[in-house]
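# Structural description and commentary
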Amino acid sequence: MAPPFARLNVWRASCVAAIGILAVCAAWAGWHGKKRSNSVSFEAGHVDANRSSGHSEQPKPIALVVSGDTAGWLVPCGCTANQSGGLLRRATFLAEGRKSHEVVLADAGGAPGGASDYDRCKFDFILSGERLMGLSAHNLGGPELALGVAYLERLAQEQKAPLISANVRDRAGHLIAEPFRTVSAGGRRIALLGVVSPKFQTRETHIDDPKEAILTTLPLLKDCDVTVALAYLPEDELRQLAAALPEVDAIIGGPTGQSLPLERVGASLVGSATNKGKFLIELSLSAESGRPRLSGRTVEMTPQFANDADQERNLKSFYAELGKRDFSAVQTSFVQQAINRHSSDYTGAKSSSCPACHQEEFAAWLKSGHAHAWATLEKRGAHVDADCQRCHTTGFGVGGFESRVRSPGYVDVQCESCHGASGAHAKRPETKTLLVARDQCAGCHDHENSPEFEFAAYWAKVAHGETPSTKAKATQ
Ligand code: HEC
Ligand code: HEC
Ligand code: HEC
Ligand code: HEC
């Protein structure tokens, strides 16, 4: 199932399938900061993509960049090397592009990571980060709708967030956001309209059929050169919509899991900006007069894009806000409320209560990375962030770590992360510890944060308490 492009930074949409002979895709080589010498012409206007040639009066070519499915990923966690994604890189990519192009930015929706107090706070900062990049429109996806109509209306009114949706209505039957926005860039008018799948209907919303909603909206778009629909739809619905709507030049989706390479479906270009904001879609408008044609590609936000300074400040402000609010674990979407799997016998005891009887194990733990997992976060200022705390602490939301201020004793990955709350055991050793320790690793060492994880190799680095039975088990 490994996606063929997992290791590719960038791959061009199959231009051939997309637009036949058009060579526009290749013109984007300049976007990477790395100067490439091959200058490629646009098919019609012969606009030189290499701007250093001195023709500065020429209008810049126009690009529309679409992000989506950010899913709370303001910044990738950095748990492992080469993680993609994050607004800090997105902004650098845009800044690079703006050197040679008129760039319009839109988001296909799916930016919040959940609907908890923590997620709302984070969404505010994702939106402010997007606005620092000059966002023109942010479509309401399923995760946005889960935040509630009143909340979204407040964002649009008080913070002037450019939210759009052509098919979400409140109980009174009114659209809850502007159905579309138009943007002028480089002498062209681009219409951006937004729809979401009826699957994401909530109790306080009604979601119209996306196709009908777009057809109703199209006549309102006067004098637009290009019409792009931002569509928070699963892949099958996205394709169906594209096939049924030749009137729309491009339909860019969000939550398709892996990113879809751009392709033509009917008369429209279809793609998705997806996977925790790791993949953006970049559409370029051809330069000839008359109705411009679109081509494009998918771009992965790899570490090759440096961190943008404004976005770094935005991240710092987010951390400052988290520091002030000190959300408890249950105010996040990382634990289900009111979990109490443990009987009162199993209260936490912290690692400091173990060395009295388990000196060697304690010494081994102290040497392991687990014993300074919190310091790792502190170094980045990320210790205030529940999205990092949940794996770099002990018993997050299940009786151990509650919040930075309220439960400072449960930072780091202590003994009880793997053995379970051991208060009773520490008092009466004949009471066994709670958990099968080796089954706990995968809860934190998951595909995203520890892609190389393999029990035997990892256990070898943190091994302790090796009774013969343990050795036998661990080598199985
Ligand atoms: C799902 C669990 C999980 C979450 C969430 C998580 N981490 Fe991690 N983190 C890990 C694991 C597991 C490792 C060890 C990875 C490995 O060595 O394979 C790790 C390692 C790291 C490392 C590398 C440590 C080193 O010195 O090698 C950094 C830095 C880090 N995490 C920072 C963060 C930050 C910042 C966040 C929040 C944005 C975060 N982590 C969220 C589980 C998590
Ligand atoms: C008062 C002494 C004492 C303290 C304190 C203590 N233990 Fe133990 N522990 C023992 C003894 C004795 C055994 C062996 C029991 C056996 O073999 O049945 C044991 C066995 C274990 C085992 C293997 C058997 C089992 O229960 O799963 C684990 C794991 C363990 N301890 C973890 C811990 C942790 C974690 C702490 C600190 C929270 C801790 N112990 C604190 C005395 C202690
Ligand atoms: C509560 C979450 C959590 C659990 C459970 C967990 N880990 Fe980790 N692990 C981490 C984090 C976080 C780091 C990164 C620590 C750092 O350097 O900041 C890490 C790092 C490591 C490392 C690299 C650091 C080193 O000391 O070499 C190994 C190896 C490791 N874990 C093995 C395991 C194994 C084996 C298990 C299961 C028996 C396990 N971990 C269970 C969170 C966890
Ligand atoms: C990263 C997870 C992890 C952490 C943290 C951890 N252990 Fe363990 N521990 C294990 C695993 C896995 C085993 C092997 C037994 C098994 O497979 O269940 C083990 C085995 C043990 C044993 C021997 C159990 C037996 O059956 O012989 C003891 C005792 C023990 N640990 C105590 C501790 C103490 C004390 C600490 C903290 C100072 C600690 N452990 C921290 C995962 C962990």
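Definitions and cut-offs
Residues numbered from 1 in each chain as written. Chains lettered and ligands numbered in written order. Predicted model: local features only at pLDDT ≥ 70, side-chain atom pairs only at ≥ 80, totals over all residues. Helix = DSSP H or I, 4+ residues; strand = E, 2+ residues; numbered from the N terminus. Buried ≥ 20, exposed ≤ 12 C-beta atoms within 10 Å, placed from the backbone. Contact = placed C-beta atoms within 7 Å. pLDDT = per-residue confidence, 0-100. Pairing = 2+ DSSP bridges. Right-handed = clockwise from strand over helix to strand, strands pointing away. Near = placed C-beta within 6 Å. Nonpolar A, V, L, I, M, F, W, Y, C, P; charged D, E, K, R; others polar. Domains from an automatic or database assignment. Arc of directions from axis to C-beta.

Scanning the protein from terminus to terminus reveals 16 helices and 15 strands. Expressed as a percentage of the 476 residues in the protein, the buried residues total 45%. Considering only contacts in the protein between residues 6 or more positions apart, those separated by 24 or more positions represent 64%.

We now examine the confidence of the model for the protein. Per-chain confidence: the protein averages 85 in pLDDT, with 83% of residues scoring 70 or above. Within the model, the stretch residues 1-55 combines pLDDT values under 50 with 89 contacts to residues more than four positions away or in other chains.

Attention now moves to the environment of Ser-128. Position of Ser-128 among the secondary structure elements: in helix 3 (residues 117-132). On the basis of neighbour counts, which here come to 17 C-beta atoms within 10 Å, the residue Ser-128 falls in the partly exposed class. Along the primary structure Ser-128 and Asn-314 are separated by 186 residues, whereas in three dimensions their C-alpha atoms are 7.6 Å apart.

On to the pairing of strand 10 (residues 226-232). Side chains on a regular strand alternate between the two faces of the sheet. Most of strand 10 is tucked away: seven of the seven residues are buried. Side chains Val-226, Val-228, Leu-230 and Tyr-232 of strand 10 all project onto a buried face; the interleaved residues Thr-227, Ala-229 and Ala-231 project onto the opposite face, where all are buried too. When strand 10 meets strand 11 (residues 250-253), the two strands line up parallel, connected through four bridges. Its bridge partner being in strand 11, Ala-229 is matched across the sheet by Ile-251. Remark: the strand 10/helix 7 (residues 235-244)/strand 11 crossover connection has right-handed handedness.

Taken together, 21 residues lie near ligand 1, and Cys-77, Cys-79, Cys-388, Cys-391 and Ser-450 sit nearest. Of the residues in the shell around ligand 1, the class split is eight nonpolar, seven polar and six charged. When residues are assigned to domains, the shell around ligand 1 turns out to be shared by domain 1 (10-316) and domain 2 (339-474), each giving three or more.

On the secondary structure map, Arg-189 appears in strand 8 (residues 188-196). Taking the C-beta count within 10 Å as the criterion, Arg-189 has 15 such neighbours and is therefore assigned partly exposed. Sequence separation between Arg-189 and Asp-225 is 36 residues, and the spatial gap between their C-alpha atoms is 5.3 Å.

Those residues of helix 6 (residues 210-217) that fall on the buried side of the exposure criterion are Pro-210, Ala-213, Ile-214 and Thr-217. The buried residues of helix 6 occupy one face: seen down the axis, they fall within an arc of 95°. On the buried face of helix 6, the contacting elements are strand 7 (180-185), strand 8, strand 10 and helix 7.

As a further point, take the environment of Leu-434. Topologically, Leu-434 is positioned in the loop between helix 13 (423-427) and helix 14 (441-444). Judged by the 19 C-beta atoms lying within 10 Å of it, Leu-434 is partly exposed. Taking C-alpha positions, Leu-434 is 6.1 Å from His-419, a pair spaced 15 residues apart along the chain.

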